[in-house]
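Okay, here's what each chain looks like letter by letter:
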Amino acid sequence: MEALLKHERLQKVQNYTARGRRFQLLPDTDLVNFWVLTMNLWANGSGEFKSQDLDDCQSEMMLRRIDPPFDRVSHVWERVAQRAEFHLNLIDNDPKARAVAEALLEEQLKSLRQQVGRPKH
């Protein structure tokens with residue numbers, strides 16, 4: 001699972017750089033503040049949240065070697081955990097939803113295995 005997450009993160013960084021690094025000129029402070037804002041939108045389930053914003057912001061932070069300021073969003077994790085638990089319970093109590101989730105995870109793991117097995121050049 002850790003390898004899958006790392007692989008996805010690296011792909012997001014590659015996609016971000018291929019699209020032109022839209023946050024490249026943003027000062028570090030503004031970049032970090034945008035990350036905090038976006039994390040709060042995500043945690044609140046806001047309709048204004050865009051996963052692409054979070055992915056791009058995190059990618060730019062990784063490229064600059066800026067660690068996310070988790071201390072500034074510590075209150076977010078409880079809301080995220082509550083929402084995650086709610087959705088996991090829905091999946092656990094619905095055999096069809098569980099089968100879909102398991103199939104999706106298996107497909108992602110299969111894709112990762114194929115990617116890892118490919119020659120780099």
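**Focus on the pattern of salt bridges**
Reasoning step 1: Counted under the stated rule, the structure contains seven salt bridges.
Reasoning step 2: With a shortest N-O distance of 2.5 Å, D28 and R64 are connected by a salt bridge. Of the two residues, D28 sits in helix α2 (residues 28–44) while R64 sits in helix α3 (residues 51–64), which places them 36 residues apart along the sequence.
Reasoning step 3: One salt bridge connects R64 with E60, and the closest N-O pair in it is separated by 2.9 Å. Of the two residues, R64 and E60 both sit in helix α3, four residues apart, roughly one turn of that helix.
Reasoning step 4: Among the ionic contacts, a cluster of salt bridges with common partners joins R19, R22, D53 and D56.

**Notes on the environment of S51**
Reasoning step 1: The residue S51 is located in helix α3 in this model.
Reasoning step 2: Given a relative accessible area of 45%, S51 falls into the partly exposed group.
Reasoning step 3: Along the backbone, S51 and M39 are 12 residues apart, and their C-alpha atoms lie at a distance of 9.8 Å.

**Overview of the packing of α2 against helix α4 (residues 76–92)**
What describes two packed helices is the angle between their axes and the distance between those same axes.
Reasoning step 1: Contact geometry of α2 with α4 gives a least axis separation of 8 Å together with a crossing angle of 30°. The two elements α2 and α4 meet at a crossing, and its hand is left-handed. Contacts between α2 and α4 involve M39, N40, W42, A43 and N44 from the first element and V76, W77, R79, V80 and R83 from the second.
Reasoning step 2: Residues that form the contact of α2 with α4 fall into these classes: six nonpolar, two polar and two charged.

The rules behind each value
Residues numbered from 1 in each chain as written. Predicted model: local features only at pLDDT ≥ 70, side-chain atom pairs only at ≥ 80, totals over all residues. Heavy atoms only, no water. Salt bridge = Lys/Arg side-chain N within 4 Å of Asp/Glu carboxyl O. Helix = DSSP H or I, 4+ residues; strand = E, 2+ residues; numbered from the N terminus. Buried < 20%, exposed > 50% of the residue type's maximum accessible area, 1.4 Å probe, protein only. Axes fitted to C-alpha atoms, helices over the stretch in contact; angles between N-to-C directions. Left-handed = near helix turned anticlockwise from the far one by under 90°. Contact = heavy atoms within 4.5 Å. Nonpolar A, V, L, I, M, F, W, Y, C, P; charged D, E, K, R; others polar.

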